[in-house]
Amino acid sequence: VAEKIAELSGKDIKITYDSVKPMGPLSRIGDITRTKILLNWRPKVNLDEGLRRTYTWVGKRLKGEKLS
């Protein structure tokens, strides 16, 4: 995700990974399979589009622009 955001920003951001630190439990990885089945729900946008929209939204917030 960090690589996708760095690319989206168009900035030259060097991402470093620290393999010594824990990655966290695998149970934190979201699985929406049951949501899809039980609620017949699907995401409306893919990850790339969602990140693009969020990046744009945050940029507007930081500039103090009105949000629609």
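The structure reproduced in this document is the subject of the present report.

Quick notes on the rules
Residues take numbers from 1 onward in each chain, read along the sequence in its written order. For this predicted model, a pLDDT threshold of at least 70 governs which residues receive local features, and a threshold of 80 or more governs which side-chain atom pairs are given and counted, while totals over whole chains, interfaces and linings are taken from all residues. Side-chain descriptors were evaluated using all non-hydrogen atoms of the structure, hydrogens and water having been removed beforehand. Salt bridge, as applied in this entry: a Lys or Arg side-chain nitrogen positioned within 4 Å of an Asp or Glu carboxyl oxygen. Strands are runs of DSSP state E lasting at least 2 residues, helices are runs of H or I lasting at least 4, and numbering of each runs from the N terminus. For the exposure calls, accessible area comes from a 1.4 Å probe over protein chains only, and a residue counts as buried if that area is under 20% of its type's maximum, exposed if over 50%, partly exposed in between. Surface patches are defined over residues having more than 30% relative accessible area and no salt bridge, joining like charges when they lie within 9 Å and nonpolar side chains (Val, Leu, Ile, Met, Phe, Trp, Tyr) when within 5 Å. To measure how exposed things are, a 1.4 Å probe is used in the Shrake-Rupley method; for residues, cover is taken only from the protein chains shown.

## A look at the pattern of salt bridges
Part 1 of the reasoning: Under the definition given, this model contains three salt bridges.
Part 2 of the reasoning: Residue Asp 48 is joined to Lys 4 by a salt bridge in which the shortest nitrogen-to-oxygen separation is 2.8 Å. Remark: Lys 4 occurs in helix α1 (residues 2-9) and Asp 48 occurs in helix α3 (residues 47-63); sequence separation between them is 44 residues.
Part 3 of the reasoning: Judged by relative accessible area, Asp 48 falls into the partly exposed class, the value being 45%.
Part 4 of the reasoning: Of the charged contacts in the structure, one is a salt bridge between Glu 49 and Arg 52, with a shortest N-O distance of 2.6 Å. Here Glu 49 pairs with Arg 52, and both are found in helix α3, just three residues apart, close to one helical turn.
Part 5 of the reasoning: For Glu 49, a relative accessible area of 24% corresponds to the partly exposed category.
Part 6 of the reasoning: What makes Arg 52 partly exposed here is its relative accessible area of 38%.
Part 7 of the reasoning: One network of salt bridges, in which partners are shared, links Glu 49, Arg 52 and Arg 53.

## Some points on a nonpolar patch on the surface
Part 1 of the reasoning: A contiguous nonpolar patch, built from Val 1, Ile 5, Leu 8, Leu 47 and Tyr 55 and spanning about 430 Å² of accessible area, is present on the exposed surface.
Part 2 of the reasoning: Elements represented by at least two residues in the nonpolar patch include exactly α1 and α3.
Part 3 of the reasoning: Note that Leu 47 resides in helix α3.
Part 4 of the reasoning: Its relative accessible area of 48% is what places Leu 47 among the partly exposed residues.

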